[in-house]
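# Fold and contact review
What follows is the residue order along each chain.
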Amino acid sequence: MKYYIHADMEGTAGIRAPSQVDHQSADFAAGRRLLVRELNVAVAALFEHDASAVMVCDAHGTGHNLDLADLDPRATLERPVAGCIMPSLDASFAGVLLLGHHAMAGTRDGFLEHTMSSREWFDYRIDGVAAGEIAIEAAWAGHFDVPVVVVGGDEATAAEAAALLPGVATAITKRGLGRNAACCLPLEECDRRLRAAIAAGCARPPAPWRPRLPARVELTFQRADLADACLGRPGLERIDGRTVARTVADARQLMITW
Ligand SMILES: [Zn+2]
């Protein structure tokens, strides 16, 4: 069985301050160590279960957080490229794990809540329903008939995942104390939860998630000039000063600004 880990960083066990996910901060090194540590727990647990191959996608920021030399030597590594959230994902994978994740923009007590860009995206909806990165990524995986088997992150992330993907295994690492701080569980407890979620999620994968298509997606930016910059993109409608919309027939187009 092949598994694909889409690794973000905000929800990683032990990360409790915005500076730990900021490349330009001296605290980033500590955040990075925690990220590597958690991923190696996940890779080992997947191989203990039934994995024959594990691909890790370095998805936080620009995708330059991981050094392959630090990862379990059985893992392969890639990062998103423009227009492609999970470049190597295809129907040969048994499941996707969304680790280190965060809740959608505007979620109360969601540690570092945002959707795609905290500076640019204010609100995002699929057919009128508020959605975040978990939905965008689950739909991308669902396009290839691949289920999301585990979601890891804070309590708000787990609640968002459970509402969207009934039956998905979640591994809670922390509780958001507002947006910019978190109360972290002990690392050994996080590891235990992650291993349990992997065992449960891989043994009983939920159905792949597929939004009803075609879907109407709407994005409200933080400022009108960000919507101005989208003028002329094929199929994109301007709804109001800050909002653009598009009807998509392919789940990989839910990333509306591509
Ligand atoms: Zn991130």
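Basis of the calculations
- Residues numbered from 1 in each chain as written.
- Predicted model: local features only at pLDDT ≥ 70, side-chain atom pairs only at ≥ 80, totals over all residues.
- Helix = DSSP H or I, 4+ residues; strand = E, 2+ residues; numbered from the N terminus.
- Contact = placed C-beta atoms within 7 Å.
- Core = buried A, V, L, I, M, F, W, Y, C linked by C-beta atoms within 7 Å.
- Buried ≥ 20, exposed ≤ 12 C-beta atoms within 10 Å, placed from the backbone.
- Axes fitted to C-alpha atoms, helices over the stretch in contact; angles between N-to-C directions.
- Left-handed = near helix turned anticlockwise from the far one by under 90°.
- Nonpolar A, V, L, I, M, F, W, Y, C, P; charged D, E, K, R; others polar.
- Pairing = 2+ DSSP bridges.
- Expected span 1.5 Å × (residues − 1).
- Arc of directions from axis to C-beta.

## Digging into the environment of Pro-147
The topology assignment puts Pro-147 in the loop between helix H2 (133-143) and strand E7 (148-154). With 41 residues separating them along the chain, Pro-147 and Glu-188 place their C-alpha atoms 27 Å apart. Setting aside chain neighbours within four positions, we find Pro-147 in contact with Gly-95, Ala-141, Pro-205, Pro-206, Ala-207 and Pro-208.

## Examining the nonpolar core
Ile-5, Ala-42, Val-96, Leu-97, Ala-138 and Val-148 are the most contacted members of the largest nonpolar core, which has 77 residues in total. Ranked by the residues each element gives to this core, the list is headed by helix H1 (residues 28-49), at eight residues. With near-sequence residues (within four places) excluded, Ala-138 lies in contact with Val-148, Leu-164, Leu-165 and Trp-209.

## Comments concerning the packing of H1 against helix H4 (residues 187-203)
At their nearest, the axes of H1 and H4 sit 10 Å apart, and the two run at 40 degrees to each other. Here the hand of the crossing between H1 and H4 comes out right-handed. In contact with Val-41, Ala-42, Ala-45, Leu-46 and His-49 of H1, H4 contributes Asp-191, Leu-194, Arg-195, Ile-198, Ala-199 and Cys-202. Grouping the constituent residues of the contact of H1 with H4 by class yields eight nonpolar, one polar and two charged.

## Notes on the sheet that holds E7
The strand order across the open sheet built from seven strands is E3-E2-E1-E4-E7-E8-E9, with neighbouring strands paired in mixed fashion. Only two strands of the sheet have a single partner each, and these edge strands are strand E3 (75-78) and strand E9 (182-184). On average, each strand axis in the sheet is tilted by 25 degrees relative to the strand beside it, whichever way the strands run. Two strands pair when backbone bridges link them, and strand E1 (residues 2-7) and strand E2 (residues 53-58) are joined in this way by six bridges, in the parallel orientation. Paired with Tyr-3 across the two strands is Val-54, which belongs to E2. Along the sheet face, H4 touches strand E4 (93-101), E7 and strand E8 (169-176) and points at about 150 degrees away from the line of E8.

## Here's the deal with unusual backbone geometry
Cis rather than trans, the peptide bond between Leu-213 and Pro-214 has omega equal to -5 degrees. Note on placement: Pro-214 falls in the loop between H4 and strand E10 (215-221). At Asp-145, a residue that is not glycine, the phi angle is positive and equals roughly 70 degrees. Relative to the elements of secondary structure, Asp-145 occurs in the loop between H2 and E7.

## Quick word on H4
Look at H4: 24 Å from first C-alpha to last across 17 residues, which is about the 24 Å you get at 1.5 Å a residue. Listing the buried residues of H4 in full gives Cys-190, Asp-191, Leu-194, Ala-197, Ile-198, Gly-201 and Cys-202. An end-on view of H4 places all buried positions within 130 degrees of arc, on one side of the element. Opposite its buried face, H4 presents the exposed residues Glu-188 and Ala-203, each directed more than 90 degrees away. Residues of H4 that are buried sit in contact with H1, E4, E7 and E8.

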